[in-house]
Amino acid sequence: MKFKLNSPKHFDSANPGQEACRSIDEFLEQLAEVAPEDYSHAMGYPGTNNQNMNGFYDWYVPTGMSHVFLNNAGDPFSEQPFKMSTLGVERKVIEFLAPFYGINVDNVWGIVTTGGTDGNNHGIYFGAQKLRKETGLAPVVYVSKESHYSNMRLCDLQNLEVRLVDCDIMGRMRPESLREALDPKRPALIIYSMGSTFKGAIDDQRLLNDVIDEVEPIAVHRHVDAALFGGYLPFTDKRYLVDINAMGFQSIAISGHKFFGIDMPCGLFITTKSTLEYQKAYNVGYLKGEMPMINCSRSAMAPMKFLWVIKNVGREGLERQARQILERADYLLNRLTDIGWKAWKNEHSNTVFFRHAGDEIVRRYSLAGGYDEALGGALNHAVVMQQISKELIDELIEDIRRTM
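Presented here is a report on the structure given in the accompanying data block.

As for the sheet that holds strand β12 (residues 368–372)
- Reading across from one edge, β10-β11-β13-β12 is the order of the four strands in this open sheet, with antiparallel pairing throughout. The open sheet is flanked by β10 (343–345) and β12, the only strands paired with a single partner. Sheet twist, expressed as the average angle between the axes of neighbouring strands with direction ignored, equals 30°.
- Sheet topology places β12 next to strand β13 (residues 377–383); five bridges connect them, and they run antiparallel. Following the sheet pairing, D372 is matched in β13 by G377.
- Along the sheet face, helix α12 (residues 301–338) touches β10, β11 (351–355) and β13 and points at about 155° away from the line of β10.

Here it is as C-alpha cells:
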C-alpha cells in the first residue's frame, strides 16, 4: 500500500484570526515530508490506517456539527436532560455489537471509551465493586505477567493487591501457576488477556476456569482485556473465544482504533446489567440519574465514528478483513520459517514474533522490540493489520534474507 500525506494549506497565515493555527500547519507540513515508506511499511504496532474515514467526514462537515458543542456526559442507557450529545448513538453501538460477544441486547450495559486502558479501568473497577459487595472484602487481582501494562498500573491506581501469574513460553497464563497463586479465602478478580501485548497470546479461559472451580475462591469476577483480538475474533469461526456464555467472563474491553480502524483512540467497555447492579449508586441530580461510569464527559465524536465504521464496512466486510489478517499472519510466519529465521505465532493471532531482525530493518518497518531469554534473547514482532499486503511481507523477508 502506498500512503502519502498531501502538503496542507488549510490555514491562511495572512489572516490574523488564523495566526494561532500556523504552528499546526507547520507540523502537518513536517508530516507530509516524512518518507512514504515510514507510513506504508509500519508493521510493529496494531493500527489500521486504510479503513478510510473520508465518507464520515464528507457527511459530518457539511452538517455544520463541527460548530456545535457535543458531550456524552451521562449514561447512554438512561434518559438524559442534556440533549447536545450522541448518547443515543453510543447506545446503538453497544447494542449492535453486544450479540457478537454473546450478550443479549436486553441484558447489556456499556460505554464507548477513550481506549483499551479506559475499558480495563472500568472492568477492574466494576469487578472490584461487585466482589466487595458480595463478600465485604477487597479482591486480589490475578493477571498474567505478559498482559498489557495498563492492568498493573490501574490496579495500583485503585489500590488493589495484584498477583502476577507466570506464563508459558508462548505468553499464555499457566494454569498451574494460577492454582499456586489463588487464595481461596479472598475474592478473585481475574484479568484474562485476549492477545497479550508482545506475543499475541490468548489465555486459555476454559483451562483457567477449571482451576478456579477447583480452588473455589469465595467469589470470582472475570474481565477480558481484548483490545485488539476482541475486534476481529467475533468475525471469525473462533468467535466463541469472546463469547460471554462460552467463556464465563463478566466484562470485556475492546479498542476501536485497532481492528475497527477508527482514526482516533477509542474503544468499548461491555458488561451485563447483573454486574451493573453491584455498582455504587452515585445519583447525579443535574444528569437526572445514577451514573455508574468512572468518567463523566466522554467523546460524542467517537460513537458516531464507531457506528459509521460498523455500518459502512458491515459484517461481511469485517469478516473479510478478519480472515485476511489471519491468513497474512500465517503467510508471514511461513515465509520467515522458509528462510530459516526463528519465528513464532500463537493460534488465532495476527501477531508474529521472531528473532531480532537488525536495527535498520526495525527502523524501516517500525517493528516493536521485546526480549525472551528462552527464545534466544532479543526479539521483534509484526502485527498484521488490514494494510499489510503479501507484497510488503515479501519485501520484509527479502530485507531479512540479505542480512543472513
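Here's the deal with helix α14 (residues 390–403)
- Spanning 14 residues, α14 covers 20 Å between terminal C-alpha atoms, matching the ideal 20 Å at 1.5 Å per step.
- Where α14 is concerned, the buried positions are L392, I393, L396, I397, D399 and I400. Buried residues of α14, viewed axially, fall in a sector of 160°; they line one side. Structural note: α14 exposes E391 and R402 on the side pointing more than 90 degrees away from its buried face.

A few points about the state of the cysteines
- Evaluation of the coordinates by the stated rule reveals zero disulfides.
- With no disulfide partner, C167 has as its closest neighbouring cysteine sulfur the one in C155, 15 Å distant.
- Unpaired in this structure, C266 has its nearest cysteine sulfur neighbour in C296, at a distance of 19 Å.

Some remarks on helix α6 (residues 149–157)
- Buried residues of α6: S150, N151, L154 and C155, and no others. All buried residues of α6 project into a common sector of 135° when viewed along the axis, lining one side. Exposed positions of α6 whose direction lies more than 90 degrees from the buried face are Y149, R153 and D156.
- Positive phi shows up at N159, right after α6, with a value of about 55°.

Focus: the pattern of salt bridges
- Counted by the stated rule, this structure contains 21 salt bridges.
- For D330, the salt bridge is made with K345, and the minimal N-O distance between the two is 3.3 Å. Taken together, the residues D330 in helix α12 and K345 in strand β10 connect sequence positions 15 residues apart.
- R364 is paired through a salt bridge with E395; the nearest N and O atoms lie 2.6 Å apart. One end of the pair, R364, is in helix α13 (residues 359–365); the other, E395, is in helix α14, and 31 residues separate them in sequence.
- With a relative accessible area of 19%, R364 lands in the buried category.

Details of the packing of aromatic side chains
- Scanning the model with the defined rule gives 18 aromatic pairs in all.
- The interplanar angle of 65° and the centroid separation of 5.8 Å between the aromatic rings of F259 and F260 together place this pair among those described as edge-to-face.
- Sitting over the face of the ring of Y278, K130 holds its NZ or CZ atom 5.4 Å from the ring centroid.

Topic: unusual backbone geometry
- Unusually for a residue other than glycine, H348 sits at a positive phi of about 65°.
- The backbone of S366 shows a phi angle near 50°, a positive value even though the residue is not glycine.
- With respect to the helices, strands and loops of the structure, S366 is situated in the loop between α13 and β12.

What about the side chain of S147?
- For S147, the location among the structural elements is in the loop between β2 (140–144) and α6.
- Within the structure, the side chain of S147 is placed 3.1 Å from the backbone oxygen of S144, a separation counted as a polar contact.

Examining a negative patch on the surface
- A cluster of acidic residues, D204, D210, D213 and E216, forms a negative patch on the protein surface.
- Secondary-structure assignment places D204 in the loop between β4 (188–193) and α8 (205–215).
- On the basis of relative accessibility, which here comes to 35%, the residue D204 falls in the partly exposed class.

Considering the environment of F235
- With respect to the secondary-structure elements, F235 resides in the loop between α9 (229–232) and α10 (244–247).
- By relative accessible area, which is 4% here, F235 ends up buried.
- Separated by 195 residues in the primary sequence, F235 and S40 place their C-alpha atoms 25 Å from one another.
- Ignoring sequence-local partners within four residues, the contact set of F235 consists of F100, F259, F260, R315, L318, E319 and A322.

Remarks on the environment of G110
- For G110, the position within the fold is in strand β1 (residues 108–113).
- Look at G110 and you get buried, because its relative accessible area is 0%.
- Separated by 17 residues in the primary sequence, G110 and V93 place their C-alpha atoms 9.5 Å from one another.
- Setting aside chain neighbours within four positions, we find G110 in contact with P76, F77, I94, F269 and I270.

Thresholds, definitions, all that
Residues numbered from 1 in each chain as written. Predicted model: local features only at pLDDT ≥ 70, side-chain atom pairs only at ≥ 80, totals over all residues. Heavy atoms only, no water. Pairing = 2+ DSSP bridges. Helix = DSSP H or I, 4+ residues; strand = E, 2+ residues; numbered from the N terminus. Axes fitted to C-alpha atoms, helices over the stretch in contact; angles between N-to-C directions. Contact = heavy atoms within 4.5 Å. Expected span 1.5 Å × (residues − 1). Buried < 20%, exposed > 50% of the residue type's maximum accessible area, 1.4 Å probe, protein only. Arc of directions from axis to C-beta. Disulfide = S-S within 2.5 Å. Salt bridge = Lys/Arg side-chain N within 4 Å of Asp/Glu carboxyl O. Phe/Tyr/Trp six-rings, centres within 6.5 Å; stacked < 30°, edge-to-face > 60°. Lys NZ or Arg CZ within 6 Å of the ring centre and 35° of its normal. Polar contact = N/O pair within 3.5 Å; in protein donor to acceptor, adjacent residues only side chain to side chain. Patch = residues over 30% accessible without salt bridge, like charges linked within 9 Å, V, L, I, M, F, W, Y side chains within 5 Å. Areas by Shrake-Rupley, 256 points an atom, 1.4 Å probe, with all protein chains shown as cover. Lys, Arg positive; Asp, Glu negative; His and termini not counted. Charge placed at Lys NZ, Arg CZ, Asp CG, Glu CD.

Everything listed here is a matter of geometry and, on its own, says nothing about what the molecule does.
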